[in-house]
2 protein chains.
Amino acid sequence: MLPPLEDIKTDDERFMREALKEAIKAFQAKEVPVGAVIVKDGQIIARGYNQVELLKDATAHAEILAITAAENVVENWRLKGCTLYCTLEPCAMCAGAIQLSRLDAIVWGAPDIRLGANGSWVDLFSQKHPIHTVEVRSGVLREWCQAPLKQFFQKRRVENAERN
Amino acid sequence: MLPPLEDIKTDDERFMREALKEAIKAFQAKEVPVGAVIVKDGQIIARGYNQVELLKDATAHAEILAITAAENVVENWRLKGCTLYCTLEPCAMCAGAIQLSRLDAIVWGAPDIRLGANGSWVDLFSQKHPIHTVEVRSGVLREWCQAPLKQFFQKRRVENAERN
């Protein structure tokens, strides 16, 4: 499920591969497989994977868990100098949290055609934010990031069909 | 800081008055004074007030804390049959969380002219959400909800001016 290391050319790909490791943890825990890491000064300072079912918490998306973990590490709610890598285009909640926590940049992998808030459903990054502008790069390791999601939803459809 | 009980005519006003009590707790804790309560079957099941500074967490808005508290009470991330009362128009993060947690309805008091995601900055409730539609009522006890915010920011301006 991970791209071979020899195919990884850029820092963005290297850190997205780490976010993918988190997504795979979510997959193994039967959660929608999305993962995230937060990087500061070239080092990963926080990790998170989707835990909505485990925590019975609709806000427990990979990005939110990584943001709160990073805030703990830097002991500040302002994540200045930090970049968030996420395997999926952030939803509106996560996009809002990314802007509120003053992240410098986000890098995401696969589009979320239903809920994505960077162009798929709405675009909260293209219109000027009143407080803070976040740099965005997208489509990094896109196919790799999509693969566990496709597999997860395919499996769920089969299980639902068998149940009915 | 609270409207007299004899002025409270509707259930929406009654529950917004409870959300205002939470906003006053935030004010007393030197946080931006926003409060929220969540109501199910006519009973308050969860409360929250803004704790961004105390928790050093940009995601610790009143609405998010109330939502996670309510999820704990009902032991489910789906807040079916629940209404969230909040003294301030939700931001994009909170609007996203409100939709993800499947709240039936939200009722808010004062507009947030900078960050509000129900018409002030963006409007995440007017466009069709791909998964869940939330009923919205706004402007309940508006002046009462605005008052602690005005007082808070006025105080902060004075303190900042004295510091410079």
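This text follows the structure it describes.
About the thresholds
Residues numbered from 1 in each chain as written. Chains lettered and ligands numbered in written order. Predicted model: local features only at pLDDT ≥ 70, side-chain atom pairs only at ≥ 80, totals over all residues. Heavy atoms only, no water. Buried < 20%, exposed > 50% of the residue type's maximum accessible area, 1.4 Å probe, protein only. Helix = DSSP H or I, 4+ residues; strand = E, 2+ residues; numbered from the N terminus. Pairing = 2+ DSSP bridges. Right-handed = clockwise from strand over helix to strand, strands pointing away. Axes fitted to C-alpha atoms, helices over the stretch in contact; angles between N-to-C directions. Core = buried A, V, L, I, M, F, W, Y, C linked by side-chain atoms within 4.5 Å. Contact = heavy atoms within 4.5 Å. Expected span 1.5 Å × (residues − 1). Arc of directions from axis to C-beta. Polar contact = N/O pair within 3.5 Å; in protein donor to acceptor, adjacent residues only side chain to side chain. Least-squares fit on C-alpha atoms with pLDDT ≥ 70 in both. Lys, Arg positive; Asp, Glu negative; His and termini not counted. Salt bridge = Lys/Arg side-chain N within 4 Å of Asp/Glu carboxyl O. Buried area = accessible area lost by both parts, 1.4 Å probe.

Enquirer: How do you make sense of the pairing of strand S3 (residues 82–88) of chain B when you look at a structure like this?
Expert: Side-chain positions along a regular strand alternate between the two faces of the sheet. All names here are of chain B. Burial runs high along S3: seven of the seven residues are buried. Here five bridges tie S3 to strand S4 (residues 105–110), and the two strands are oriented parallel to one another. Paired with tyrosine 85 across the bridge in S4 is valine 107. The parallel pair S3 and S4 is bridged by helix H4 (residues 92–100), and the resulting crossover is right-handed.

Enquirer: Whenever I open this one, the sheet that holds strand S1 (residues 35–40) of chain B confuses me. Can you help?
Expert: Neighbouring strands of a sheet are bound in pairs by backbone hydrogen bonds; such pairs are parallel or else antiparallel. Residue and element names in this part refer to chain B. In spatial order, the strands read S2-S1-S3-S4-S5; together these five strands make up an open sheet with mixed pairing. Both outer strands of the open sheet, strand S2 (43–49) and strand S5 (135–138), are each paired with one neighbouring strand and no more. When strand polarity is set aside, the average angle formed by the axes of neighbouring strands in this sheet is 15 degrees. In the sheet, S1 pairs with S3 via five bridges, with the strands oriented antiparallel. Across the sheet, lysine 40 pairs through a bridge with cysteine 82, a residue of S3.

Enquirer: Can you walk me through the nonpolar core in this structure?
Expert: Nonpolar side chains in soluble globular proteins tend to end up buried together. In terms of nonpolar packing, the biggest core is built from 98 residues, with A:Ile38, A:Leu124, B:Ile38 and B:Leu124 touching the most fellow members. Leaving out residues up to four positions away in the same chain, A:Leu124 has contacts with A:Ala92, A:Ala95, A:Gln99, A:Ala117, B:Ala92, B:Trp121, B:Val122 and B:Leu124.

Enquirer: Explanation requested: helix H5 (residues 142–163) of chain A in the structure shown.
Expert: Because an α-helix packs 3.6 residues into every turn, residues spaced three or four apart end up facing the same way. Residue and element names in this part refer to chain A. Taking 1.5 Å as the rise per residue, H5 with 22 residues should run 32 Å; its terminal C-alpha atoms sit 32 Å apart, in good agreement. By the burial criterion, the buried members of H5 are Cys145, Gln146, Pro148, Leu149 and Phe152. Taken around the axis of H5, the buried residues stretch over an arc of 160 degrees, which confines them to a single face. Residues of H5 that are exposed and angled more than 90 degrees away from the buried face: Glu143, Lys150, Arg157, Ala161 and Glu162. Among the structural elements, helix H1 (11–28), strand S3 (82–88) and strand S4 (105–110) are those in contact with the buried residues of H5.

Enquirer: Help me understand the environment of A:Asn118 in this model?
Expert: Residues and elements named next belong to chain A. Residue placement: asparagine 118 occurs in the loop between S4 and strand S5 (135–138). Given a relative accessible area of 16%, asparagine 118 falls into the buried group. Within polar-contact distance, the side chain of asparagine 118 engages the side chain of tryptophan 108 at 2.8 Å.

Enquirer: Quick question: what am I supposed to make of the relation of the copies chain A and chain B here?
Expert: Note that the two copies of the chain are related through a rotation about an axis and a translation along the same axis. Note on the identical chains: chain A maps onto chain B by a rotation of 180 degrees and an axial translation of 0.0 Å, with an RMSD of 0.0 Å. Classification of the inter-copy transformation places it as that of a two-fold axis. For chain A, the smallest separation between a C-alpha atom and the rotation axis is recorded for A:Met93, amounting to 1.9 Å. When the interface residues of chain A are mapped onto chain B, 100% of them again fall at the interface, so both copies present the same face.

Enquirer: So what exactly am I meant to see when it comes to the side chain of A:Asp57 here?
Expert: For A:Asp57, the location among the structural elements is in the loop between helix H2 (52–55) and helix H3 (62–74). Despite being buried, A:Asp57 has no salt bridge partner; B:Arg102 is the closest side chain of opposite charge, sitting 11 Å away. A polar side-chain atom of A:Asp57 sits 2.9 Å from the main-chain amide nitrogen of A:Thr59. Dropping the residues within four chain positions of it, A:Asp57 is found in contact with A:Val52, B:Thr68, B:Glu71 and B:Trp77.

Enquirer: Even after reading the chapter, I still don't get the sheet that holds strand S1 (residues 35–40) of chain A, so can you show me in this structure?
Expert: Residue and element names in this part refer to chain A. As summarised here, the arrangement of the five strands in space is S2-S1-S3-S4-S5, forming an open sheet in which the pairing is mixed. Since the sheet does not close on itself, it has two edges, and those belong to strand S2 (43–49) and S5, each with one partner. Averaged over all neighbouring strand pairs, the angle between strand axes comes to 15 degrees, with direction disregarded. As judged from the six bridges shared by S1 and S2, these two strands associate in the antiparallel manner. Its bridge partner being in S2, valine 37 is matched across the sheet by arginine 47. Across the sheet, H5 lies against S3 and S4, angled at about 60 degrees from S4, the strand it touches most.

Enquirer: Looking at this structure, how should I read the pattern of salt bridges?
Expert: Should their charged atoms come close, side chains of opposite charge can pair. All names here are of chain A. The final tally for this structure, using the stated rule, is 16 salt bridges over all chains. Residues aspartate 11 and arginine 14 are paired through a salt bridge, measuring 3.3 Å at the closest nitrogen-oxygen approach. Here aspartate 11 and its partner arginine 14 are both found in helix H1, three residues apart, which amounts to about one turn of the helix. Overall, the relative accessible area of 48% leaves aspartate 11 in the partly exposed class.

Enquirer: How do you make sense of the interface of chain A and chain B when you look at a structure like this?
Expert: Much of the literature gives interface size as the accessible area that the parts lose upon coming together. The partner chain B presents 31 residues to the 31 residues of chain A that form the contact. For the pair chain A and chain B, the two sides together bury roughly 2,600 Å², of which 72% comes from carbon and sulfur. If you look at where chain A meets chain B, you find zero salt bridges. Connecting chain A to chain B are six residue pairs in polar contact (both at pLDDT 80 or more). Elements represented by at least two residues in the side of chain A that touches chain B include exactly H2, H3 and helix H4 (92–100) of chain A. The dominant element in the side of chain A that touches chain B, judged by the number of residues it contributes, is H4(A), at six residues.

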